[in-house]
Amino acid sequence: MTTLALMQVNLGSRIKDTEAIVTLQERELALIEAVKDFGRFRPRQLVADIVGTGVSDSAVPAGWVLDVSQVLSVEFPSGNVPPEYLEDADWTIYRSATSTVVLRFLRDTPSASQTIRVTFTAPHALGATPATTTLTTQDEEPVLNKAAAYCCTWLAAYYAQQGQASLAADVTNHESKARTYRDLAKDFQRLYNEALGIDMKDGMAPVRAASAVLDWDNSYPWGEDRLTHPRRWY
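Definitions and cut-offs
- The residue count restarts for each chain, going from 1 along the sequence in the order it is written.
- In view of the model being predicted, local features appear only for residues whose pLDDT reaches at least 70, and side-chain atom pairs are presented and counted only at 80 or more, with totals across whole chains, interfaces and linings using the full set of residues.
- Think of the side-chain values as coming from all heavy atoms in the structure, minus any hydrogens and water.
- Helix numbering and strand numbering both begin at the N terminus, where a helix is a DSSP run of H or I of at least 4 residues and a strand a DSSP run of E of at least 2.
- Think of it in three bands: with a 1.4 Å probe and only protein chains considered, a residue is buried below 20% of the maximum accessible area for its type, exposed above 50%, and partly exposed in between.
- Should any heavy atoms of two residues lie within 4.5 Å, those residues are considered in contact.
- For the accessible areas, the method is Shrake-Rupley and the probe is 1.4 Å, while residue cover comes only from the protein chains on display.
- In plain words, nonpolar cores are sets of buried Ala, Val, Leu, Ile, Met, Phe, Trp, Tyr and Cys residues tied together by side-chain atoms within 4.5 Å.
- Of the grid points, spaced at 1 Å and generated over the protein atoms alone, those admitting a 1.4 Å probe that cannot get out make up cavities, while open sets with protein on both sides within 12 Å along at least five of seven lines make up pockets; any residue with an atom within 4 Å of a point is treated as lining.
- Grid points are joined across faces, edges and corners, and a volume is the space filled by probe spheres set on the points.
- Classification used: nonpolar for Ala, Val, Leu, Ile, Met, Phe, Trp, Tyr, Cys and Pro, charged for Asp, Glu, Lys and Arg, polar for all others including Gly.
- At least two DSSP bridges between two strands are required for those strands to pair.
- Whenever a helix is involved, its axis is fitted only over the stretch in contact; in every case the axis is a line through C-alpha atoms, and angles between N-to-C directions fall within 0 to 180 degrees.
- Pairing of aromatic side chains requires ring centres within 6.5 Å, counting the rings of Phe and Tyr and the six-membered ring of Trp. Pairs whose planes differ by under 30 degrees are stacked, by over 60 edge-to-face, and all others tilted.
- Either the NZ atom of lysine or the CZ atom of arginine qualifies as a charge over a ring when it sits within 6 Å of the ring centre and within 35 degrees of the ring normal.

## Section: the overall build of the protein chain
Link 1 in the chain: Each helix and strand counted, the protein chain has four helices and six strands in total.
Link 2 in the chain: When the elements of the protein chain are put in sequence order from the N terminus, they spell out α-α-β-β-β-β-β-β-α-α.
Link 3 in the chain: Within the protein chain, the fraction of its 234 residues that count as buried is 34%.
Link 4 in the chain: For the protein chain, long-range pairs separated by at least 24 residues make up 69% of all intrachain contacts whose partners lie at least 6 apart in sequence.
Link 5 in the chain: On the protein chain, roughly 15,000 Å² of surface is accessible, and the fraction owed to carbon and sulfur atoms is 54%.

## What to know about the side chain of T3
Link 1 in the chain: Residue position: T3 is located in the segment before helix 1 (4-15).
Link 2 in the chain: Judged by relative accessible area, which is 13%, T3 ranks as buried.
Link 3 in the chain: For T3, the contacting residues outside a window of four places in its chain are L126, G127, A128, T129, P130 and T133.

## Some words on the nonpolar core
Link 1 in the chain: Grouped together as the largest cluster of nonpolar side chains are 30 residues, with contacts concentrated most on M7, L11, L31, L126, L135 and V143.
Link 2 in the chain: Contributing elements (two or more residues each) for this core: helix 1, helix 2 (24-41), helix 3 (137-165) and helix 4 (168-196).
Link 3 in the chain: Residues L86, W91, I116 and F120 belong to the second largest nonpolar core, which totals 16 residues.

## So, the layout of surface pockets
Link 1 in the chain: The computed volume of the second largest pocket comes to approximately 160 Å³.
Link 2 in the chain: What lines the second largest pocket is V35, K36, G39, R40, P43, V68, T121, A122, P123 and H124.
Link 3 in the chain: Among the elements of the structure, helix 2 and strand 6 (115-122) are those that each provide at least two residues to the lining of the second largest pocket.
Link 4 in the chain: Here the element with the most residues in the lining of the second largest pocket is helix 2; it accounts for four residues.
Link 5 in the chain: Across the lining of the second largest pocket, the residue classes break down as five nonpolar, three polar and two charged.

## Examining the sheet that holds strand 2 (residues 57-59)
Link 1 in the chain: Taken together, three strands build an open sheet; the order of strands is 2-5-4 and the sheet is antiparallel. For this open sheet the edge positions go to strand 2 and strand 4 (91-95), each flanked by a neighbour on one side alone. Within the sheet, the average angular offset between the axes of one strand and its neighbour, ignoring direction, is 35°.

## Topic: the packing of aromatic side chains
Each aromatic ring pair is summarised here by two numbers: the centre-to-centre distance and the angle between the ring planes.
Link 1 in the chain: Applying the stated criterion across every chain, the model contains five aromatic pairs.
Link 2 in the chain: Ring centres of Y150 and W154 lie 6.4 Å apart, and the angle between their planes is 20°; this geometry places the pair in the stacked category. In this pair, Y150 and W154 both sit in helix 3, four residues apart, roughly one turn of the helix.
Link 3 in the chain: Residue W154 is classed as partly exposed on the basis of its relative accessible area of 33%.
Link 4 in the chain: Where Y159 meets Y181, the ring centres are 5.9 Å apart and the plane angle is 5°; that geometry is what we call stacked. Note that Y159 is positioned in helix 3 and Y181 in helix 4, a separation of 22 residues in sequence.
Link 5 in the chain: The class of Y181 is buried, set by a relative accessible area of 10%.
Link 6 in the chain: Connected via pairs of aromatic rings, a cluster forms that spans Y158, Y159 and Y181.
Link 7 in the chain: Lying across the ring of Y94, R104 places its NZ or CZ 3.8 Å from the centre.

## So, the environment of L196
Link 1 in the chain: Residue position: L196 is located in helix 4.
Link 2 in the chain: Taking relative accessible area as the criterion, L196 reaches 9% and is therefore assigned buried.
Link 3 in the chain: Residues L196 and F38, spaced 158 residues apart in sequence, show a C-alpha to C-alpha distance of 8.5 Å.

## A short note on the sheet that holds strand 6
Link 1 in the chain: Strand order in the open sheet formed by three strands is 1-6-3, with antiparallel pairing between adjacent strands. Strands with a single pairing partner mark the edges of an open sheet, and in this sheet they are strand 1 (44-51) and strand 3 (71-75). Direction aside, neighbouring strands of the sheet carry axes that sit 15° apart on average.
Link 2 in the chain: In terms of strand pairing, strand 1 meets strand 6 through eight bridges, oriented antiparallel. Bridging across to strand 6, R44 finds its partner in A122.

This is how it looks when you write it as C-alpha cells:
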C-alpha cells in the first residue's frame, strides 16, 4: 500500500507544477478531498461480529462513522451454512436524541449466545504509513487523477488571475497556461470517471442490475394444482 508522502510526490510529477504554485499542503488537501470523493463510489467495506445482549438494541460495530457508514448486510445468526441474512425490514439504524446510534432489531432479540455479523461501509484513509492507509494498489491511480483534477483547476484559476493583473506582454502567456490547466483538469477528471464508471452527464456511477433466485411453488397453498401449469406426477 501507498502513503500520503508518496502520493504527494506522484501528484507533483503528474501536474508538472515546476513553479511550485500548488504547495505541499495544498497537494495534501487535494488528495484528502480526492479520497473522500473516491469513497462515495467505492467505499471501504468492513465486517464485524456483534455479540447479542438479550435486548433489541446492539451497539454499532467499531469503525462505524456517524452520518457516513451504511449497513450492507446483517447476518443473523452468523456462521450458518448457507448464511442467513435479515431483510431490511427486520432491523434499523436508530439514532437517539443524544446522537447515540444503535443497531435495533425489530423482530428478533439476539441472546448472549448469538452473534450478529454486520457488513458495513466506512471512509478510506490515506495515512503516513502503509498500515494506516486503506487504499489498494488499484485505487491509487483514480485517486491521483482526481487530486490532479483539483490541482489543475486551482492552477488555472491562479494563472487566470495573474493574467488580469499583468502587463500586456505577459497576458497571453498566463491566459495560455490557464487554458492548458483547465484542459488538463478535464482530462484528469475524465480518466477518473472512466475508472469508476461515472456517468459524465449526472456524475453518478451506474447501478448494477439486481437479480435473485427464487424457489417457485407451482401449487396453491391449499395443495391444488394451478390450471395451466399442473405438477407432473410421473
